[in-house]
Amino acid sequence: MRITKKLSALSLVAILMIFTLMAGCSKESAGSDSKGKTSDSGKESSGFKLGEDELEYTMYGHYDWYTMPNWGEDVATKWIKENMKVNVKPISSGGNAAQKFNTMIVSNDLPDVMWLDRGPDMDKLREAGALVPLDEYIEKYPNIKEWVGESTLNMLRAEDGKVYGIPNWYTSQPNGNTGYVVNDKIYKELGSPKLETTDDLYSYLKQVKEKYPDVIPYEPGQGDGLDVLYSAFAEEHPSTFVGLRAIPNGDKMTSVFTDPVYRESMQYISKLFREKLISQDALTQTLDQVREKIMTGKFAVYAASSPTEISNLAHTVLRAEDPDAGLKMVWPFHKEGLDKNNIFPGTYSQLGWNVSVITQNAKNPEAIFAFLDWMVGPEGQRNIFWGPEGLYWDGTDADDAPIFTDKYVTDVEERDKLMETTNSFQWVGNTVYIDQSKTKFELTLPEDQQNWATRYQTEITWKTQYNGTEFANLSPMPDSEEGLTEQRVNDIYDEAHAKALHAKSDEEVLKILDEAEKSAQAVGYDKLLEFKTKKWQDNVARMAGN
């Protein structure tokens, strides 16, 4: 369960005033260290040369759930540490990112690099002068400029026209993993019934409960698999809309509580929960608890915003134990009468997921940028994704894609274990390069030798993700009037969502959502929706080049 510490508007303002003063001093000293100076490697403005001098910096992932593995303990980062002479020292959130963030601000003890969402916390840092603008370095080093591209960089520009964040998993083509995983052994033992509509899913889950009492019929991960079902009840309604707490309708954002699609989906989800067809600790279980169920095959259907990471390894492990076992993905479920090709459980954005920012506390921001720029490029991506050359790849082809070795195909379990580890180091993922490289190779293999995740990304998930670029960065600053309203609305939503899940009837679900709507309107929900509408329309205009 996510733990948050709420701060009053007054305390947030006070913190920012302190932070601005401290960051100003830090910025002055950092600027004298990096502007017009000689880099750590002793070379003038020609740039920092990786592998010639050592680089060590601290990195903080601004998430409750994120714990960075020790750098250098796996073969990929060990190679980088030894050959590129780079050491990354983790700083943990301790499971309470909001509190850690505020503590770092007050103490002016920022890490060198922060990995966080684009949005209010990043804006707070930028407005306080705590972040290093990257434009000069983007022009100086090759990879970010080439691979991220001008249009995406323009979308990332702050109000002052500068770029402060290096995006992660940015893309110019569809990507994403949101969807449904089915335990194939149970499915076959039940006669491989039709699994396409929400009615099919309900009937199937009832069969599972009857025949397999020790199995979770529908496993929704840490609750995100509940939102995935929202997409089944309307065309072009990805689960992302629920996360926005705002549903686009025409050219305006409207209430999630009055949205007919959300109301119908919550009635369906509540019915599944009442009949114990859904994991009863869906809103409280840890990722480790979810992982245990998937790895042991104790589920029939698993849905999440990115189920492929766990499922990829679980499929290999389950097949090794039992040749008849294994997992598969299915096309997203849809309500009867809807066009299945217009159902989008998740979204992708050309901006990608989150960003890495370099703070003014960094002694040599250019050196850090040079390393992250290297990671963005083909050489860095090959090493951090598949390990060093000679293990799972050896050399490159005419397109600079890795030439995979036999071990890539024959040592699947160890390969997937490595990839699961290095997933925690994907801070500046290059979607197009990775996806094109692995797909190009995988599709040359027999089906039973293809990487599980790549196969289903190609067949299903990339085809069923909605372009959500226009919905990026709709949240206000936390200490603004709209920001305080958003927090109150989020609290009202969380409470109503939990109550509706536990409701004893369809009628009770609607009553709970009606009460939530009244409560939300009482704290200024209308004004928040107006704010989000304006931000959304601004994005639409920017994407159109206006």
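Whatever comes next refers back to the structure up there.
Predicted, not measured: the structure shown is a model, and the values here were computed from it.

## Remarks on the overall build of the protein chain
When you go through the protein chain residue by residue, the secondary structure sums to 23 helices and 15 strands. Rg of the C-alpha trace for the protein chain: 24 Å, near the compact-globule value of 24 Å for 546 residues, within the 12% margin. In terms of principal-axis extent, the alpha carbons of the protein chain reach across some 70 × 60 × 40 Å. Looking at the protein chain as a whole, 55% of its 546 residues qualify as buried. Summed over its atoms, the accessible surface of the protein chain is roughly 23,400 Å², and 49% of this surface lies on carbon and sulfur atoms. Charge-centre separation for the protein chain: the mean point of 58 positive side chains lies 3 Å from the mean point of 86 negative side chains.

## Examining the sheet that holds strand β9 (residues 299-304)
Overall, mixed pairing links the four strands, which are arranged β6-β9-β5-β10 in an open sheet. Lying at the two open borders of the sheet, with one neighbouring strand each, are β6 (216-219) and β10 (327-330). Averaged over all neighbouring strand pairs, the angle between strand axes comes to 20 degrees, with direction disregarded. Relative to β9, strand β5 (residues 179-183) runs antiparallel, the two sharing four bridges.

## Topic: the sheet that holds strand β3 (residues 113-116)
Read across the open sheet, the five strands follow the order β2-β1-β3-β12-β4; overall the sheet is mixed. Unpaired on one side and paired on the other, β2 (86-91) and β4 (165-167) mark the two borders of the sheet. Each strand of the sheet is rotated relative to its neighbour by a mean of 30 degrees, with strand direction disregarded. In the sheet, β4 pairs with strand β12 (residues 355-358) via three bridges, with the strands oriented antiparallel.

## Overview of helix α18 (residues 412-422)
Of all the residues in α18, the buried ones are R415, D416, L418, M419 and T422. Angular distribution of buried residues about the axis of α18 spans 160 degrees; they occupy a single face of the element. Residues of α18 that are buried make contact with α2 (75-83), α14 (308-321), α16 (378-386), α17 (406-410) and α19 (431-442).

## Observations regarding the packing of aromatic side chains
Tallied over the full model, the rule gives 35 aromatic pairs. Each ring, one from F241 and one from Y466, has its centre 6.5 Å from the other, and the planes form 80 degrees; the classification is edge-to-face. Of the two residues, F241 sits in helix α11 (residues 240-244) while Y466 sits in strand β15 (residues 465-467), which places them 225 residues apart along the sequence. On the basis of relative accessible area, F241 is assigned to the buried category, the value being 3%. Seen in terms of ring centroids, F257 and Y525 are 6.0 Å apart; in terms of plane orientation they differ by 65 degrees. Their pairing is edge-to-face. You can see F257 sitting in the loop between β8 (252-254) and α12 (260-274) and its partner Y525 sitting in helix α23 (residues 525-543), a full 268 residues away along the chain. Summarising the burial analysis for this pair, F257 and Y525 share the class buried.

## Brief notes about the pairing of β2
Note that strand β1 (residues 55-61) and β2 share six bridges and pair parallel. By the bridge assignment for β2, Y57 is matched with V88.

## Side note on unusual backbone geometry
In this model, K276 sits at a positive phi of 55 degrees, which is unusual for a non-glycine residue. Position of K276 relative to the elements: it lies in the loop between α12 and α13 (287-295). Although it is not a glycine, D400 adopts a positive phi angle of roughly 70 degrees. Structurally, D400 can be placed in the loop between β13 (393-396) and β14 (402-404).

The rules behind these values
Residues numbered from 1 in each chain as written. Predicted model: local features only at pLDDT ≥ 70, side-chain atom pairs only at ≥ 80, totals over all residues. Heavy atoms only, no water. Helix = DSSP H or I, 4+ residues; strand = E, 2+ residues; numbered from the N terminus. Rg over C-alpha atoms; globule rule 2.2 N^0.38 Å. Buried < 20%, exposed > 50% of the residue type's maximum accessible area, 1.4 Å probe, protein only. Areas by Shrake-Rupley, 256 points an atom, 1.4 Å probe, with all protein chains shown as cover. Lys, Arg positive; Asp, Glu negative; His and termini not counted. Charge placed at Lys NZ, Arg CZ, Asp CG, Glu CD. Pairing = 2+ DSSP bridges. Axes fitted to C-alpha atoms, helices over the stretch in contact; angles between N-to-C directions. Arc of directions from axis to C-beta. Contact = heavy atoms within 4.5 Å. Phe/Tyr/Trp six-rings, centres within 6.5 Å; stacked < 30°, edge-to-face > 60°.

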